[in-house]
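Observations on the three-dimensional arrangement
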Amino acid sequence: TDAEWFFETISVDEFSDSNVQLAIEVAQLSGSLDWNERLENFYLKLLVHSNPVVNEVALNQIANHSQKPTSFDEHIVESIVENEAKESSVRLSGILALSSVDEYLALAEQLADNNEYLLEKELGIKQKALDVEGFIENVTDHFESENLIRNTLAIQVLSGRWQELSEPDQADNRLRIREELLGLLDKQDRTITFYVTNM
């Protein structure tokens, strides 16, 4: 549980092919550490690990690390984003971990490939790249789908984003969002109704 002590003790060179459970648990510990050369080297090992879950956990920690230098993005692009041997889900997580995602919007759409289970990551990437109006337009497009899973995931993403908006942005878009949500109620789906009434 003592991340600093553990990182002083272990040899990070072993983690590119280490036990999966150990790699995941150590990666989860890493988020509390200050960014330094040793931590960076550790993340580099996890990015080339053969297990996609290890890659995902490492990318989530990297994405949320406030001290991550933008120069580290090059490693993420090389090891994950442009690595066609990696699964689409992992590559989308790689894009999400970048400081700037703008140039990878087309790739994100290609990787998601209308797979509703990858929609949340695709929309997360678009949220980072688009302005409020553009994001709302993009996410509400998915409300037109006949796929209820796609509808539900889209409203979950919108709900999370709505909470982060400033009061002026909420005020500017409240009527539009209200109309979109009322349209969703016509689908008469219990899960969708739950999310609509809780927004």
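Our focus in this paragraph is helix α2 (residues 20–30). The complete set of buried residues in α2 reads Ala23, Ile24, Val26, Ala27 and Ser30. Looking at the buried residues of α2, the elements they touch are α1 (3–9), α3 (37–47) and α4 (52–63). For α2, the N-terminal cap is Asn19; the gap from its side-chain oxygen to the backbone nitrogen of Gln21 is 3.0 Å.

For the rest of this paragraph, the subject is the layout of surface pockets. In this structure, the largest pocket encloses a volume near 210 Å³. Taken together, Leu96, Glu120, Lys121, Gly124, Gln127, Gln156, Val157, Gly160, Arg161 and Glu164 make up the full set of residues lining the largest pocket. Those elements that provide at least two residues to the lining of the largest pocket are α8 (119–129) and α10 (148–164). When its residues are assigned to classes, the lining of the largest pocket shows two nonpolar, four polar and four charged.

Turning next to the side chain of Asn173. Considering the arrangement of structural elements, one finds Asn173 in helix α11 (residues 167–185). Here the side chain of Asn173 touches Asp169 through a polar contact of 2.9 Å, landing on its backbone oxygen.

What tends to happen in soluble globular proteins is that the nonpolar side chains get buried as a cluster. Of all hydrophobic cores here, the largest spans 37 residues; its most connected members are Ile76 and Ile95. Listing elements by their share of this core, those giving two or more residues are α1, α2, α3, α4, α5 (73–81), α6 (88–96) and α7 (105–112). Excluding residues that lie within four positions of it along the chain, Ile76 makes contacts with Leu47, Leu59, Ile62, Val81, Gly94, Ala97 and Leu98. Residues Leu153, Val157, Leu158 and Ile192 belong to the second largest nonpolar core, which totals 19 residues.

Looking now at the pattern of salt bridges. Pairs can form between side chains of opposite charge once their charged atoms are near each other. Counted by the stated rule, this structure contains seven salt bridges. Linking Glu56 and Lys121 is a salt bridge whose minimum nitrogen-to-oxygen distance equals 2.9 Å. Here Glu56, found in helix α4, pairs with Lys121, found in helix α8; they are 65 residues apart in sequence, far enough to count as distant. Each of the two residues, Glu56 as well as Lys121, counts as buried. Residue Arg174 is joined to Glu167 by a salt bridge in which the shortest nitrogen-to-oxygen separation is 3.6 Å.

Reading the values: rules and limits
Residues numbered from 1 in each chain as written. Predicted model: local features only at pLDDT ≥ 70, side-chain atom pairs only at ≥ 80, totals over all residues. Heavy atoms only, no water. Buried < 20%, exposed > 50% of the residue type's maximum accessible area, 1.4 Å probe, protein only. Helix = DSSP H or I, 4+ residues; strand = E, 2+ residues; numbered from the N terminus. Contact = heavy atoms within 4.5 Å. Polar contact = N/O pair within 3.5 Å; in protein donor to acceptor, adjacent residues only side chain to side chain. 1 Å grid on protein atoms, 1.4 Å probe; cavity = no way out; pocket = protein on both sides within 12 Å on 5 of 7 lines; lining within 4 Å. Points joined across faces, edges and corners; volume = space filled by probe spheres on them. Nonpolar A, V, L, I, M, F, W, Y, C, P; charged D, E, K, R; others polar. Core = buried A, V, L, I, M, F, W, Y, C linked by side-chain atoms within 4.5 Å. Salt bridge = Lys/Arg side-chain N within 4 Å of Asp/Glu carboxyl O.

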